[in-house]
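# Coordinate analysis (summary)
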Amino acid sequence: MYDYTIIGAGIIGTMIARELSKFHKKILILDKENDVANHQTTANSAIIHSGHDPKEGTLKARLCVLGNALYDELEQELHIPLLKTGALVISTDPDEDEMIDILFERALKNGVKNPKILMRDEVLALEPKLNPNLIRALSLPSTKVTYPWEVALSCLEHAHQNGVEFQKNALVTGIKFMGDMYHIEINFKDLILSKSVINASGVFSDQVANLIESDVPYQIYPRKGEYFVLDRRVKGLFNHVIYPIPGPAGKGVLIVPQVHGNILVGPTSIIQMEKDLASTTKHGLEKIKVESRKLSHDIPFDMTIRSFAGIRATSSFEDFYIQESKVYPQFYHVAGIDSPGLTAAPAIAKYLIDEVIKIKEPQKENWIPYPKKPEAFFHLDRMEQLDLIKAYPKHGKIICKCEKITEQEIIHAIHRGFGCDTIKGIKKRARAGAGLCQGGYCEPEVLKIIAKETKQDLKDINYYAKNTPILVKETKVKS
Ligand SMILES: Cc1cc2nc3c(=O)[nH]c(=O)nc-3n(C[C@H](O)[C@H](O)[C@H](O)COP(=O)(O)OP(=O)(O)OC[C@H]3O[C@@H](n4cnc5c(N)ncnc54)[C@H](O)[C@@H]3O)c2cc1C
């Protein structure tokens, strides 16, 4: 029997798992997908917001500001990438310029560190490619950018080192309260027993809650956001996160430098019925091009290497809903975690444990720190590379030519932690296929390495989720 079962291994579930692993508890984290954090946590703007945007007095405002500060600790503890860009919210229209003062006041009330109003020339000196017609900007130096998926994986690996169990391909299909424990049904057949349940299932959290509660206190409205990804040759074109003045649909279309040198332009904000239809649309991408012209006329869309979309878990409650069920004891909702959920995630985990569950017992004395990850081969100097090739000859073969990823790095990614056997899983762990050609050259090689290392048939290797094979049938059959 588990003390806590967490449903969902996105950034929220994995942060909670890591925080709970500090206590003497038996913990399980479940995800329906074949890898960690395949939903919202993998498809977002990657911004660690300062906290200037959420309404004063909300949980979103409080936990965003706290989470922003906690990322500096996580950088040390989990060795995650954190780009300290700062941000500029710019006004380009006299009618909206007073919003700069309103957002400045809100930032101060929310406890954001060192917000400052800058005049046009000061802004253009910092970011010369911005729209020359801009009027003023709110500068937010505490804004940063991370690699969200890597943060979630690191949290989960760290939690696992400290005793947390993880089960992937585990769709929760039923939950029953038996008086002193929960029966959690997985994939319509297996049963797990747990004293407490934490529902961190993102956009599906109302459906999961509905497995036990008939009157769920929130409803999730999926809200899609589409993006362009520009090649990392654009590195340095913009060095801050650039926001427009926010509107009724949210923070608007942004320019976001990424930790690996790429720039994201997006997202859109469109309510849809489907919870897992994250495809881009001609209309959405056109809208980004039009709206981003407010920020700059010099965005090189001809350097686009791909587009993608993510789906926000926007809730009818209009704030994060982090509460124990009113009906079922020790069933915890962590729902409605849309933006700034990535930023707030470390603070959400602490808030749940300290103020909702209220664990009083002392923490473990022997909580194991997370070990440092190996440096990317490409970033080593020549002598270090030669030494590594001597020890591991497969470092001598570059598979991904764009990102300069070696065969040994791909093998390491396949066997790291919980293991990985999908093309996209390798892309996220080792960056093979993340460059200019987007896997056009290396994908067949990566496919063969996965098949060999995991002893599977080539035809059984998936691109991403279950049932997404790369090889479907032969195109040329020898007579
Ligand atoms: C377009 C977009 C842009 C954003 N930009 C930012 C940003 O820049 N900064 C920021 O702070 N926030 C941002 N966010 C918000 C942030 O990404 C989310 O708040 C955060 O990722 C939520 O994490 P989560 O773990 O709750 O959800 P998810 O990452 O969606 O994880 C939920 C998990 O639950 C699993 N699950 C669902 N149902 C079941 C079931 N029945 N059984 C088992 N497992 C199940 C899913 O497979 C999934 O892995 C953005 C979001 C989007 C979509």
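From a predicted model like this one, the values you see are computed outputs, not experimental measurements. (Residues numbered from 1 in each chain as written. Predicted model: local features only at pLDDT ≥ 70, side-chain atom pairs only at ≥ 80, totals over all residues. Heavy atoms only, no water.)

On to helix H2 (residues 59-78). Of all the bends in H2, the greatest, near 30°, is centred on Asp 72. Looking at H2, one finds that the buried residues are Leu 59, Lys 60, Ala 61, Leu 63, Cys 64, Val 65, Gly 67, Asn 68, Leu 70, Tyr 71, Leu 74 and Leu 78. Following H2 by one or two positions, His 79 has its phi on the positive side, about 55°. (Bend = angle between axes of the 7 residues up to and from the residue. Helix = DSSP H or I, 4+ residues; strand = E, 2+ residues; numbered from the N terminus. Buried < 20%, exposed > 50% of the residue type's maximum accessible area, 1.4 Å probe, protein only.)

Our next topic: the layout of surface pockets. In this model, the second largest pocket occupies a volume close to 1,400 Å³. As for the second largest pocket, its lining consists of 45 residues, of which His 260, Pro 374, Glu 375, Ala 376 and His 379 are closest to the centre. Every element with two or more residues in the lining of the second largest pocket is listed here: helix H5 (148-161), helix H10 (407-415) and helix H11 (423-430). The biggest single contributor to the lining of the second largest pocket is H10, with four residues. By residue class, the composition of the lining of the second largest pocket is 18 nonpolar, 13 polar and 14 charged. Each of domain 1 (82-144 + 222-314) and domain 2 (378-460) gives at least three residues to the lining of the second largest pocket. (1 Å grid on protein atoms, 1.4 Å probe; cavity = no way out; pocket = protein on both sides within 12 Å on 5 of 7 lines; lining within 4 Å. Points joined across faces, edges and corners; volume = space filled by probe spheres on them. Nonpolar A, V, L, I, M, F, W, Y, C, P; charged D, E, K, R; others polar. Domains from an automatic or database assignment.)

A few words on the nonpolar core. Core analysis: the largest hydrophobic core is formed by 53 residues, its most contacted members being Tyr 71, Ile 198 and Ile 322. Sorting the residues of this core by element identifies strand S1 (2-7), helix H1 (11-20), strand S2 (27-30), H2, H5, strand S20 (331-335) and helix H8 (341-357) as the ones contributing at least two each. Considering every element that reaches this core, the biggest residue donor is H8, with 11 residues. Here Tyr 71 is in contact with Ile 11, Met 15, Ile 48, Ile 80, Leu 82, Thr 146, Val 151, Leu 342, Thr 343 and Pro 346, once residues within four sequence places are set aside. Core analysis: the next-biggest nonpolar cluster, separate from the first, contains 24 residues, Val 89, Leu 103, Val 112 and Val 229 among them. (Core = buried A, V, L, I, M, F, W, Y, C linked by side-chain atoms within 4.5 Å. Contact = heavy atoms within 4.5 Å.)

Moving on, we come to a nonpolar patch on the surface. Among the surface-exposed residues, Met 1, Leu 191 and Leu 193 lie close enough to one another that they form a single nonpolar patch of about 280 Å² accessible area. Among the secondary structure elements, Leu 191 is positioned in strand S12 (residues 190-199). (Patch = residues over 30% accessible without salt bridge, like charges linked within 9 Å, V, L, I, M, F, W, Y side chains within 5 Å. Areas by Shrake-Rupley, 256 points an atom, 1.4 Å probe, with all protein chains shown as cover. Salt bridge = Lys/Arg side-chain N within 4 Å of Asp/Glu carboxyl O.)

Turning our eyes to something else, we now look at the site of the ligand. With respect to spatial proximity, 38 residues lie near the ligand, and among them Asp 31, Thr 41, Ile 47, Ile 337 and Thr 343 are the closest. Between Ser 45 and the ligand, the recorded distance is 3.2 Å, taken from a backbone N or O atom to a nitrogen atom. For the ligand, whose free accessible area comes to 1,000 Å², the fraction covered by protein is 98%. Breaking the shell around the ligand down by element, the ones donating at least two residues are H1, strand S13 (220-230), strand S18 (304-315) and H8. The residue inventory of the shell around the ligand, partitioned by class, reads 18 nonpolar, 15 polar and five charged. (Near = heavy atom within 4 Å. Polar contact = N/O pair within 3.5 Å; in protein donor to acceptor, adjacent residues only side chain to side chain.)

Turning next to the environment of Gln 363. Of note, Gln 363 is situated in the loop between H8 and helix H9 (382-391). Gln 363 gets classed as partly exposed once you look at its relative accessible area, which sits at 46%. Expressed as a C-alpha distance, the spacing of Gln 363 and Lys 22, which sit 341 residues apart in the sequence, is 5.4 Å. Setting aside anything within four residues of it in sequence, one finds Gln 363 in contact with Lys 22 and Phe 23.

Time to look at the side chain of Thr 314. Its location among the elements puts Thr 314 in strand S18. Thr 314 sits in the buried class, given a relative accessible area of 15%. A distance of 3.0 Å separates polar atoms of two side chains, one belonging to Thr 314 and the other to Arg 223. A distance of 3.1 Å separates the side chain of Thr 314 from the side chain of Asp 338, its partner in a polar contact. Contacts of Thr 314, omitting those with residues within four sequence positions, involve Gln 219, Ile 220, Tyr 221, Arg 223 and Asp 338.

Here we take up the pairing of strand S11 (residues 182-186). Taken residue by residue, a regular strand's side chains alternate between the two faces of the sheet. The two faces of S11 differ: Tyr 182, Ile 184 and Ile 186 on one face are buried, but His 183 and Glu 185 on the other face are not. As judged from the five bridges shared by strand S10 (residues 172-177) and S11, these two strands associate in the antiparallel manner. Its bridge partner being in S11, Gly 174 is matched across the sheet by Glu 185. What sits between the antiparallel neighbours S10 and S11 is a turn of four residues, in which Gly 179 has the positive phi angle 100°. Linking S11 to S12, which pair antiparallel, is a turn of three residues; within it Asn 187 sits at a positive phi near 50°. (Pairing = 2+ DSSP bridges.)

Across the sheet, three strands lie side by side as S3-S8-S4; this open sheet has antiparallel pairing. Both edges of this open sheet fall to strand S3 (47-48) and strand S4 (82-83), since each of them pairs with a single strand only. Pairing of S4 with strand S8 (residues 144-146), which is carried by two bridges, proceeds in the antiparallel orientation. Bridge pairing in S8 places Leu 83 opposite Val 145.

This paragraph deals with the domain arrangement of the protein chain. As assigned here, the protein chain comprises domain 1 (82-144 + 222-314) and domain 2 (378-460). Taking only C-alpha atoms into account, the centre of domain 1 sits 33 Å from that of domain 2. Across the contact, seven residues belong to domain 1 and nine residues belong to domain 2. In total, domain 1 and domain 2 occlude about 620 Å² of area from one another, counting both sides; carbon and sulfur atoms represent 44% of this. Per-residue buried area on domain 1 facing domain 2 is highest for Arg 232, Ile 305 and Arg 306; these three make up 66% of the total on that side. Where domain 1 packs against domain 2, one counts one salt bridge. We note a salt bridge from Arg 232 to Glu 403, for which the minimum N-O separation is 2.8 Å. (Buried area = accessible area lost by both parts, 1.4 Å probe.)

What follows deals with a negative patch on the surface. Together, Glu 375, Asp 381, Glu 384 and Asp 387 make up a negatively charged patch on the protein surface. Mapped onto the elements of the fold, Glu 384 is located in helix H9. Note on Glu 384: relative accessible area 40%, which makes it partly exposed. (Lys, Arg positive; Asp, Glu negative; His and termini not counted. Charge placed at Lys NZ, Arg CZ, Asp CG, Glu CD.)

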